[in-house]
Amino acid sequence: MTQFATEFRGYDRPEVDKFVQTANDAIASNDPARRSRAQADAKAVSFRVTLRGYNRREVDHYLRRIAKGRPDDRT
């Protein structure tokens, strides 16, 4: 699973972890409908901001990669 840095006020960690796991499973599947839905969800998802949450910039960058269908692409 992808690891994100934590910060004083960041995205809720359990919410992000659950979404990332579900999206990665969908992207890795052979089902085009699931892949498409995960990509659309990555563009629309929002997370609560909590104390000691995940770095928002890192998570947002990862969501953009999921939206492109390439979560492992580092660009």
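Here, every reference points to the structure presented above.
One structure accompanies this document, and this report is about it. None of these values were measured; they are calculated from a predicted model. (Residues numbered from 1 in each chain as written. Predicted model: local features only at pLDDT ≥ 70, side-chain atom pairs only at ≥ 80, totals over all residues. Heavy atoms only, no water.)

## Remarks on the packing of aromatic side chains
Here is step 1: In total, this model carries four aromatic pairs according to the counting rule given.
Here is step 2: A ring pair is formed by Tyr11 and Phe47, whose centres lie 5.5 Å apart and whose planes are at 55°; its orientation type is tilted. With Tyr11 in strand S1 (residues 6-11) and Phe47 in the loop between helix H2 (32-44) and strand S2 (49-54), the pair connects residues that are 36 residues apart, well separated along the chain. Each member of the pair Tyr11 and Phe47 is classed as buried.
Here is step 3: A centroid spacing of 6.0 Å and a plane angle of 75° characterise the contact between Phe19 and Phe47, whose relative ring orientation is edge-to-face. Remark: Phe47 occurs in the loop between H2 and S2 and Phe19 occurs in helix H1 (residues 13-28); sequence separation between them is 28 residues.
Here is step 4: Through a chain of ring-to-ring contacts, the aromatic side chains of Phe4, Tyr54 and Tyr62 assemble into a single cluster. (Phe/Tyr/Trp six-rings, centres within 6.5 Å; stacked < 30°, edge-to-face > 60°. Helix = DSSP H or I, 4+ residues; strand = E, 2+ residues; numbered from the N terminus. Buried < 20%, exposed > 50% of the residue type's maximum accessible area, 1.4 Å probe, protein only.)

## Concerning the environment of Ala42
Here is step 1: On the secondary structure map, Ala42 appears in helix H2.
Here is step 2: A sequence separation of 23 residues divides Ala42 from Phe19, and the C-alpha atoms of the two residues are 8.7 Å apart.
Here is step 3: When near neighbours in sequence (up to four residues on either side) are disregarded, Ala42 contacts Phe19, Leu63, Ile66 and Ala67. (Contact = heavy atoms within 4.5 Å.)

## Side note on helix H3 (residues 56-67)
Here is step 1: Taking 1.5 Å of rise per residue, the 12 residues of H3 would be expected to cover 16 Å, and the 16 Å separating its terminal C-alpha atoms lies within 8% of that figure.
Here is step 2: Three or more residues of H3 are buried, namely Val59, Tyr62, Leu63, Arg65, Ile66 and Ala67.
Here is step 3: Those residues of H3 that are buried lie in contact with S1, H1, H2 and S2.
Here is step 4: The N-terminus of H3 is capped by Asn55, whose side-chain oxygen sits 3.0 Å from the backbone nitrogen of Arg57. (Expected span 1.5 Å × (residues − 1). Polar contact = N/O pair within 3.5 Å; in protein donor to acceptor, adjacent residues only side chain to side chain.)

Geometric values such as these leave the question of function open.
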